[in-house]
Amino acid sequence: MPFEFYRLEIPDVVFVKARRFDDERGFFREMYKASAFAEQGIPNNFVQDNLSHSERGVLRGLHYQKAPHPQGKLVMVLRGRIYDVAVDIRRDSATFGQWVGCELTSEGGELLWVPAGFAHGFCVLSDEADVLYKVTDEYARECDRGIVWNDPEIGVEWPVDEPLLSEKDAELPLLRDAEIEF
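Definitions and limits used
- Residues numbered from 1 in each chain as written.
- Predicted model: local features only at pLDDT ≥ 70, side-chain atom pairs only at ≥ 80, totals over all residues.
- Heavy atoms only, no water.
- Salt bridge = Lys/Arg side-chain N within 4 Å of Asp/Glu carboxyl O.
- Buried < 20%, exposed > 50% of the residue type's maximum accessible area, 1.4 Å probe, protein only.
- Helix = DSSP H or I, 4+ residues; strand = E, 2+ residues; numbered from the N terminus.
- Pairing = 2+ DSSP bridges.
- Axes fitted to C-alpha atoms, helices over the stretch in contact; angles between N-to-C directions.
- Phe/Tyr/Trp six-rings, centres within 6.5 Å; stacked < 30°, edge-to-face > 60°.
- Lys NZ or Arg CZ within 6 Å of the ring centre and 35° of its normal.

J.: Account for the pattern of salt bridges, naming residues and giving values.
T.: If you walk through the whole model with that rule in mind, you get 16 salt bridges. The salt bridge partner of Asp88 is Arg90, with a shortest N-O separation of 2.8 Å. Its relative accessible area of 0% is what places Asp88 among the buried residues. Taking the shortest distance from any N to any O, the salt bridge between Arg176 and Glu153 comes out at 2.2 Å. Of this pair, Arg176 sits in the segment after helix H2 (167–170) while Glu153 is found in the loop between strand E13 (144–146) and H2, placing the two residues 23 residues apart along the sequence. A relative accessible area of 55% places Arg176 in the exposed class.

Laid out in structure tokens, this is it:
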């Protein structure tokens, strides 16, 4: 099988390892296959692909979209290495306010499934990184929301102390003050 699926400490978040096939020409790797992901309960209704390019120390997040346009995200690294984080923001969840994180690399072919109802963010560990994420709903500016990256109640253990942030991300609210409708 070209994929291995691992449920993380918050079981709705799934770490995926894509198998690499090497030969003298280089390598081949399937990064997504609707039937294989559907067997694991991961939706295959992706409607938009996003690509971001960032340099070492950049932190993007923690972002989410509220209803009526919540997004699930399938995150993969095309070049470089990132630390990827998902925070459960579903108020009725037993894991509300908890987070999981893992390293994703272009070399290793890892992916992370972050369902709707989670805030998502990542920081770049390599000199540069190109991150592709498939989403289950189109971007809707009016639904775009976020939580500040260093909310002490969440306590994400980022591998950077002083990340490079956008002005928008630096001014995001704490989880307790965020507009959450999950």
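Additional details are given in the paragraphs that follow.
J.: So what's going on with the sheet that holds strand E5 (residues 48–55)? Residues and values would help.
T.: Sheet strands pair by backbone hydrogen bonding; their relative direction is either parallel or antiparallel. With antiparallel pairing, six strands are arranged side by side in an open sheet as E1-E2-E10-E7-E12-E5. This sheet does not close on itself; its edge strands, each paired only once, are strand E1 (3–7) and E5. Each adjacent strand pair in this sheet contributes to an overall mean axis angle of 25°, direction not counted. Direction of pairing for strand E7 (residues 73–79) relative to strand E10 (residues 110–114): antiparallel, over a ladder of four bridges. Opposite Met76, over in E10, you have Leu111 as the bridge partner.

J.: Mind laying out the packing of aromatic side chains, listing which residues take part and the relevant values?
T.: Taken as a whole and judged by the stated rule, the model has nine aromatic pairs. Here Phe3 and Phe5 contribute two aromatic rings whose centre-to-centre distance is 6.1 Å and whose plane-to-plane angle is 45°, an arrangement assigned as tilted. This pair shows no difference in class: Phe3 is buried, exactly as Phe5 is. One aromatic cluster in this structure is built from Phe3, Phe5, Tyr32, Phe37, Phe46 and Trp113. The ring centre of Phe27 lies 4.0 Å from the NZ or CZ of Arg20, which sits over that ring. Between Lys134 and the ring centre of Tyr32, over which it is positioned, the NZ or CZ distance is 5.6 Å.

J.: I'd like to hear about the sheet that holds strand E8 (residues 81–88), residue by residue, with values.
T.: Strand order across the open sheet formed by five strands is E9-E8-E11-E6-E13, with antiparallel pairing between neighbours. Both edges of this open sheet fall to strand E9 (99–105) and E13, since each of them pairs with a single strand only. Direction aside, the axes of adjacent strands within the sheet are offset by 30° on average. In this structure, E8 lies alongside E9, joined through seven bridges in antiparallel fashion. The partner of Ala86 across the bridge, within E9, is Val100.

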